[in-house]
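# Examination of the molecular architecture
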Amino acid sequence: MDPHYDAQDVARCDLCEIALVQSYCDFCHVNLCKPCIGEHISDDYSKHTIVPFQQRRSTLIYPKCGTHPNENCKYQCEDCNIFLCTDCFASKPHNKEHQLSKLDEIFSKKKDQIQKDKQEIKEQILPVYEDIASELENQISHIDVDYQKFTTQLSKHREELHREIDNVMDQREKEIDENKLKHLSILKKHLEEIKQLQSLMHKTLHSIYEMEESNEVTPTIHYSSKNQEFSKLPPKVLVSMPKFIPKPIEKEELCSLIGKLTPLSTTLEERVFTAKKPNTSVRELLDEPEVLNTIKTGHEKLCSVTCLTEEEIWTSGKTADIKCFNTQGVLQKTIKTKSGSWPVDIAVYSDGALVYSDGRIRTVYKVKNDQTEEIIRLQGWRPTKLCVTSSDELLVTMYSDDKTQSKVVRYSGSTVKQTIQFDDDGQPLYSGNINIKYITENRNLDICMADCGAGAVVVVNQAGKLRFSYTGPPSSTKKEPFKPWGITTDSQSRILTSDHYNHFIHILDVNGQFLRYIDNCDLERPTGSCVDNDDSLFVCELFRGNVKRIRYLK
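To start, this report covers the structure provided alongside it.

Calculation criteria
- Residues numbered from 1 in each chain as written.
- Predicted model: local features only at pLDDT ≥ 70, side-chain atom pairs only at ≥ 80, totals over all residues.
- Heavy atoms only, no water.
- Core = buried A, V, L, I, M, F, W, Y, C linked by side-chain atoms within 4.5 Å.
- Buried < 20%, exposed > 50% of the residue type's maximum accessible area, 1.4 Å probe, protein only.
- Helix = DSSP H or I, 4+ residues; strand = E, 2+ residues; numbered from the N terminus.
- Contact = heavy atoms within 4.5 Å.
- Pairing = 2+ DSSP bridges.
- Patch = residues over 30% accessible without salt bridge, like charges linked within 9 Å, V, L, I, M, F, W, Y side chains within 5 Å.
- Areas by Shrake-Rupley, 256 points an atom, 1.4 Å probe, with all protein chains shown as cover.
- Salt bridge = Lys/Arg side-chain N within 4 Å of Asp/Glu carboxyl O.
- Lys, Arg positive; Asp, Glu negative; His and termini not counted.
- Charge placed at Lys NZ, Arg CZ, Asp CG, Glu CD.
- Axes fitted to C-alpha atoms, helices over the stretch in contact; angles between N-to-C directions.
- Phe/Tyr/Trp six-rings, centres within 6.5 Å; stacked < 30°, edge-to-face > 60°.
- Lys NZ or Arg CZ within 6 Å of the ring centre and 35° of its normal.

What follows concerns the nonpolar core. Counting residues in each nonpolar core, the largest one holds 16 residues, and the members touching the most others are V355, I376, L394 and Y411. Among the elements of the structure, strand 15 (371-377), strand 16 (381-388), strand 17 (394-400) and strand 18 (406-412) are those that each provide at least two residues to this core. Setting aside its immediate chain neighbours within four residues, I376 contacts R362, T363, V364, L394, V396, Y411 and G413. In this structure, Y438, V457, I495 and L508 belong to the second largest nonpolar core, which totals 15 residues.

Right, here's the structure in full:
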């Protein structure tokens, strides 16, 4: 199939835009049906080149000769590096020693080189750059964690230094208290001595007052003055206050005490290009798929499952709880939606951040490190199913408030990057009702939707052009009509979709060709699904609340 038309079912005439294309003008690059050929060439028959549509772009368009405008140049002089027509040889013979080449041969060689270059870029060089970009993105996603380690170490050292400083300060405060008690004791002792002398002097004065009033001779004669004794004042107690002499803070010494951070260094290491070999290994389908284990989630009406690693299998149903299990079915953690409503769908970014849609309040939330952040809020539309792409963009399916339109919107963070709603004829790609529309991205970047309302798997390419619609296998013995719910893809670009009412899985190839059913695993009302890195299939059972892990590849 021509890649120029691989996103369309059929090619139509560019003039009438109705009839199927049958011919092609290799001069104007226009699709033509038979009735429109005459109109197209009516201006100048000689300049148009009409070929069957299958042979389009097969007629070479040669450059016009600068000397003879009516002639085409079909030769190139390699010595002069100019184009020549046959008249150039007739009117003025070219230097016979010069090397001439036919343009069609040069064209053919260049085309071969272009084809080889294209294949080399696609299959060898570009994958290497994708690995480099992935490595850098991984480093960027982990930079917060890496630098948080330094902050944690510094905080721990800060606490240790504060603890030691507090201990030293406590010791100095204790010394101050001890000096205070000693000082107080000395002053009190001296005060006591002074008060004792004061008391003695008061007694002496009392005796003197009595003698002054007395006429008795004997006591008066025996009186002995103590004034000289009292005049000898007690020594003055001088207590020197202790002094706190703070050590000057030397910043350099303090920085040395705290430690240092080595400077950031950047070096460039030469890369040696090694062509990445394409993955040519093909895992074939098992004759009999088998259930490896069953995870009992406890969800009421289990709707969605998504996984990044074997230890993080996220599930959601019609409750506010979003539960994470490992492959053995052991509950790892539970997150509650911010609004308390049940999440319409869940998905996981490459850095492990969870994203969920809340249709009731028209919002999409992102949860990372137990912090919930609103990343999308809609008006007039309600978000439903989600898909994180290989480039960590987010695909969101949504329907209008009046329940008549549906579309897919691609977001980078909170920024709208693309809207997919109509085909080339302006007709809706998806059913307009609110029926379930699970979505996923294939390895070839196709966007695959399980449109339950339309009873079809609708696949568009990365640009949003319709590639095909799958409405079930050519013949089927199943009782109920095909109503696809969950959808996922594997490492071989196969598409797996849940046939909800017939209780099994359809497996399609990348072009929508039916390959086989998974109908031997006792599935009941299968809904959301996902595939892990080992191509194990996880399928939700709506009413049982179980996730079945199925091996279907050899």
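From this point, the narrative continues.
Look at any regular strand and the pattern is simple: side chains alternate between the two faces of the sheet. Counting buried residues in strand 9 (residues 312-317) gives five out of six residues, a clear majority hidden from the surface. Pairing of strand 8 (residues 302-309) with strand 9, which is carried by six bridges, proceeds in the antiparallel orientation. Bridge pairing in strand 9 links L302 to G317. In this structure, the hairpin formed by strand 8 and strand 9 is closed by a connection of two residues. Sheet topology places strand 9 next to strand 10 (residues 321-325); four bridges connect them, and they run antiparallel. Each residue of the ladder has a partner; that of W314, found in strand 10, is C324. In this antiparallel pair of consecutive strands, strand 9 and strand 10, the connection spans three residues.

Judged by side-chain charge, D166, D170, E173, D177 and E178 come together as a negatively charged surface patch. Considering the arrangement of structural elements, one finds D166 in helix 3 (residues 103-213).

The next point concerns the sheet that holds strand 28 (residues 526-531). Within a sheet, adjacent strands bond to each other through the backbone by hydrogen bonds, running parallel or antiparallel. If you walk across this open sheet you meet the four strands as 7-30-29-28, and the pairing is antiparallel. The outermost strands of the open sheet, each flanked by one partner alone, are strand 7 (285-296) and strand 28. Going from strand to strand, the sheet's axes swing by 25° on average, the running direction of each strand aside. Both strand 28 and strand 29 (residues 537-541) contribute to a ladder of four bridges, which runs antiparallel. Its bridge partner lying in strand 29, S529 is registered against V539.

Structurally, G472 is set in the loop between strand 23 (466-470) and strand 24 (484-489). In this structure, the C-alpha to C-alpha distance between G472 and S350, residues 122 residues apart in sequence, is 33 Å.

Below, the discussion takes up a nonpolar patch on the surface. Taken together, the side chains of I143, Y147, F150, L261 and L264 define a hydrophobic patch exposed on the protein surface, amounting to about 560 Å² of accessible area. By the secondary structure assignment, I143 is in helix 3.

Moving on to the pairing of strand 24. Counting buried positions over the six residues of strand 24 gives six, a clear majority of the element. As paired strands, strand 24 and strand 25 (residues 495-499) are joined by four bridges and run antiparallel to one another. The residue bridging T489 from the neighbouring strand is I495, located in strand 25.

In this section: the packing of aromatic side chains. Centre-to-centre distance and the angle between the planes together describe a pair of aromatic rings. Across all of its chains, the model carries six aromatic pairs by this definition. Measuring from ring centre to ring centre gives 6.4 Å for Y24 and F53, while their planes differ by 70°; the resulting arrangement is edge-to-face. One end of the pair, Y24, is in strand 1 (residues 23-25); the other, F53, is in the loop between strand 3 (50-52) and strand 4 (75-77), with 29 residues separating them in the sequence. In terms of burial, Y24 and F53 fall into one category: buried. The residue whose ring lies beneath K366 is Y349, and the NZ or CZ to ring-centre distance is 4.8 Å.

The next thing to look at is the pattern of salt bridges. A pair can form between side chains of opposite charge whenever their charged atoms are brought close. Scanning all chains against the criterion turns up 19 salt bridges. K554 serves as the salt-bridge partner of E284, at 3.5 Å between the closest nitrogen and oxygen. Placement of the pair is E284 in the loop between helix 6 (251-258) and strand 7 and K554 in the segment after strand 30 (546-553), with a sequence separation of 270 residues. Residue classification places E284 among the partly exposed positions, given a relative accessible area of 47%. Via salt bridges that share partners, D522, E524, E541, R544 and K548 belong to a single interconnected network.

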